[in-house]
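Listed here are the chains, written in short residue letters.
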Amino acid sequence: MSEYKTLYLSRKDSVAVALSEIPANTSVVVKSDLEELVVPILEPIRFGHKFAVKAIKQGEDIIKYGEVIGAASAFIPAGAHVHVHNLEGKRGRGDKIAE
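Treat the numbers as computed from the prediction; the structure is a model and nothing was measured. Here, residues in each chain are numbered from 1, in the same order as that chain's written sequence. Local features in this predicted model are restricted to residues of pLDDT 70 or higher, and side-chain atom pairs are both shown and tallied only at a pLDDT of 80 or more, whereas totals for entire chains, interfaces and linings draw on every residue. Each side-chain value is derived from all of the structure's non-hydrogen atoms; neither hydrogens nor water enter the calculation.

Draft legend 1. Quick peek at the overall build of the protein. Working definition: helices are DSSP H or I runs of at least four residues, strands are E runs of at least two. Numbering for both runs from the N terminus. When its secondary structure is counted, the protein shows zero helices and nine strands. Secondary structure elements in the protein, listed N-terminal to C-terminal, are β-β-β-β-β-β-β-β-β. Relative accessibility under 20% of the residue-type maximum defines a buried residue, over 50% an exposed one, and the middle range a partly exposed one, all with a 1.4 Å probe and only protein chains included. Taken across its 99 residues, the protein has 35% of its residues classed as buried. Note on definitions: a residue-residue contact is assigned when non-hydrogen atoms from the two residues lie within 4.5 Å. For the protein, long-range pairs separated by at least 24 residues make up 47% of all intrachain contacts whose partners lie at least 6 apart in sequence.

In C-alpha coordinates:
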(Lines give C-alpha, C1' and ligand atoms only; values in the text may rest on other atoms or scores of the structure.)
Protein backbone atom coordinates (compact mmCIF):
# COMPACT_ATOMS: atom_id res chain seq x y z
CA MET A 1 0.00 0.00 0.00
CA SER A 2 1.34 3.41 -0.96
CA GLU A 3 1.93 6.04 1.70
CA TYR A 4 0.27 9.38 0.98
CA LYS A 5 0.12 12.14 3.56
CA THR A 6 -3.31 13.08 4.83
CA LEU A 7 -4.79 15.12 7.66
CA TYR A 8 -7.49 13.38 9.71
CA LEU A 9 -7.83 14.90 13.17
CA SER A 10 -10.88 13.38 14.77
CA ARG A 11 -12.57 10.02 14.55
CA LYS A 12 -15.81 12.03 14.29
CA ASP A 13 -14.57 13.37 10.94
CA SER A 14 -16.23 12.08 7.79
CA VAL A 15 -13.51 13.55 5.55
CA ALA A 16 -9.73 13.79 5.50
CA VAL A 17 -7.53 16.26 3.63
CA ALA A 18 -4.90 15.23 1.09
CA LEU A 19 -1.48 16.69 1.90
CA SER A 20 -0.12 15.40 -1.40
CA GLU A 21 -1.64 14.48 -4.74
CA ILE A 22 -3.39 11.10 -4.47
CA PRO A 23 -4.10 9.17 -7.67
CA ALA A 24 -7.28 7.17 -8.26
CA ASN A 25 -7.32 3.46 -7.50
CA THR A 26 -4.93 3.87 -4.58
CA SER A 27 -5.47 2.97 -0.94
CA VAL A 28 -4.46 5.41 1.78
CA VAL A 29 -4.19 4.99 5.52
CA VAL A 30 -5.70 7.77 7.63
CA LYS A 31 -4.89 7.89 11.34
CA SER A 32 -6.26 9.77 14.33
CA ASP A 33 -5.57 8.93 17.94
CA LEU A 34 -5.82 5.15 18.10
CA GLU A 35 -7.94 4.78 14.97
CA GLU A 36 -6.50 3.76 11.62
CA LEU A 37 -8.64 3.47 8.48
CA VAL A 38 -7.72 2.16 5.06
CA VAL A 39 -9.59 4.16 2.42
CA PRO A 40 -9.64 3.12 -1.27
CA ILE A 41 -9.43 6.33 -3.32
CA LEU A 42 -11.95 6.32 -6.18
CA GLU A 43 -10.78 9.39 -8.12
CA PRO A 44 -7.74 11.68 -8.14
CA ILE A 45 -7.56 13.91 -5.05
CA ARG A 46 -5.59 17.13 -5.41
CA PHE A 47 -3.38 18.58 -2.69
CA GLY A 48 -5.51 20.36 -0.09
CA HIS A 49 -8.77 18.74 -1.19
CA LYS A 50 -11.07 16.58 0.91
CA PHE A 51 -12.08 12.96 0.44
CA ALA A 52 -14.65 10.88 2.28
CA VAL A 53 -13.23 8.40 4.78
CA LYS A 54 -16.62 6.69 5.06
CA ALA A 55 -19.85 6.72 3.06
CA ILE A 56 -21.88 9.89 3.64
CA LYS A 57 -25.62 9.82 2.98
CA GLN A 58 -27.35 12.64 1.10
CA GLY A 59 -28.34 15.33 3.61
CA GLU A 60 -25.93 14.05 6.27
CA ASP A 61 -23.54 16.50 7.94
CA ILE A 62 -19.96 16.51 6.66
CA ILE A 63 -17.47 16.82 9.50
CA LYS A 64 -13.91 18.14 9.14
CA TYR A 65 -11.56 18.80 12.09
CA GLY A 66 -14.41 17.81 14.42
CA GLU A 67 -16.74 20.53 13.09
CA VAL A 68 -19.71 20.47 10.70
CA ILE A 69 -18.68 22.19 7.46
CA GLY A 70 -21.78 21.43 5.41
CA ALA A 71 -24.12 18.70 4.27
CA ALA A 72 -23.87 16.15 1.49
CA SER A 73 -25.95 17.26 -1.50
CA ALA A 74 -25.71 13.70 -2.88
CA PHE A 75 -24.57 10.30 -1.65
CA ILE A 76 -20.76 10.32 -1.29
CA PRO A 77 -19.01 6.94 -1.20
CA ALA A 78 -15.86 6.41 0.86
CA GLY A 79 -12.82 7.48 -1.16
CA ALA A 80 -14.69 10.05 -3.27
CA HIS A 81 -13.63 13.68 -3.69
CA VAL A 82 -15.67 16.01 -1.46
CA HIS A 83 -16.04 19.53 -2.83
CA VAL A 84 -18.68 21.97 -4.09
CA HIS A 85 -20.20 19.37 -6.46
CA ASN A 86 -21.41 17.22 -3.54
CA LEU A 87 -21.16 19.48 -0.45
CA GLU A 88 -23.55 22.28 0.42
CA GLY A 89 -22.15 24.74 2.94
CA LYS A 90 -24.21 25.62 6.00
CA ARG A 91 -22.27 28.69 7.08
CA GLY A 92 -22.47 32.16 5.64
CA ARG A 93 -25.51 31.46 3.48
CA GLY A 94 -27.60 34.53 2.84
CA ASP A 95 -30.31 32.69 0.92
CA LYS A 96 -31.44 30.35 3.68
CA ILE A 97 -33.04 31.13 7.01
CA ALA A 98 -31.19 29.66 9.98
CA GLU A 99 -33.17 27.05 11.91
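Draft legend 2. How the structure looks around the sheet that holds strand S2 (residues 15-18). Here four strands make up an open sheet; going across it, the order is S1-S2-S5-S8 and the pairing antiparallel. Sheet topology places strand S1 (6-7) and strand S8 (81-82) at the edges, where each strand pairs with a single neighbour. For two strands to be treated as a pair, DSSP must find at least two bridges joining them. Where S1 and S2 come together, two bridges link them in antiparallel fashion. By the bridge assignment for S2, Leu7 is matched with Val17.

Draft legend 3. Spatial organisation of the pairing of strand S3 (residues 26-32). With respect to burial, S3 is a largely interior element, five of its seven residues being buried. Here seven bridges tie S3 to strand S4 (residues 35-41), and the two strands are oriented antiparallel to one another. In the strand pairing of S4, Val28 is matched with Val39. The hairpin formed by S3 and S4 contains two residues between the paired strands, and Asp33 there has a positive phi angle of roughly 50 degrees.

Draft legend 4. Highlighting the sheet that holds strand S7 (residues 67-72). Within the open sheet, the three strands sit side by side as S6-S7-S9. Their pairing is antiparallel. Bordering the open sheet on either side are strand S6 (61-64) and strand S9 (87-89), each of which pairs with just one other strand. Between one strand and the next, the sheet's axes are offset by a mean angle of 45 degrees, whatever the strand orientation. To obtain each axis, a line is fitted to C-alpha atoms, and for helices this fit is confined to the stretch in contact; angles are then taken between N-to-C directions over 0 to 180 degrees.

Draft legend 5. Representation of the pairing of S6. Pairing between S6 and S7: four bridges, direction antiparallel. In the sheet register, Asp61 faces S7, and the bridge partner there is Ala71. Counted along the chain from S6 to the antiparallel partner S7, the turn is two residues long, and its residue Tyr65 has a positive phi close to 55 degrees.

Draft legend 6. Representation of the nonpolar core in the model. By nonpolar core is meant a set of buried Ala, Val, Leu, Ile, Met, Phe, Trp, Tyr and Cys residues that side-chain atoms within 4.5 Å join together. Grouped together as the largest cluster of nonpolar side chains are 11 residues: Tyr8, Ala16, Ala18, Ile22, Val28, Val30, Val39, Ile41, Ile45, Phe51 and Val53. For this core, the elements supplying multiple residues, two or more each, are S2, S3 and S4.

Draft legend 7. Representation of the pattern of salt bridges within the structure. A pair is scored as a salt bridge if a Lys or Arg side-chain nitrogen falls within 4 Å of a carboxyl oxygen belonging to Asp or Glu. Within the structure shown, the criterion is met by one salt bridge. Glu36 is the salt-bridge partner of Lys31, the closest N and O atoms lying 3.9 Å from each other.

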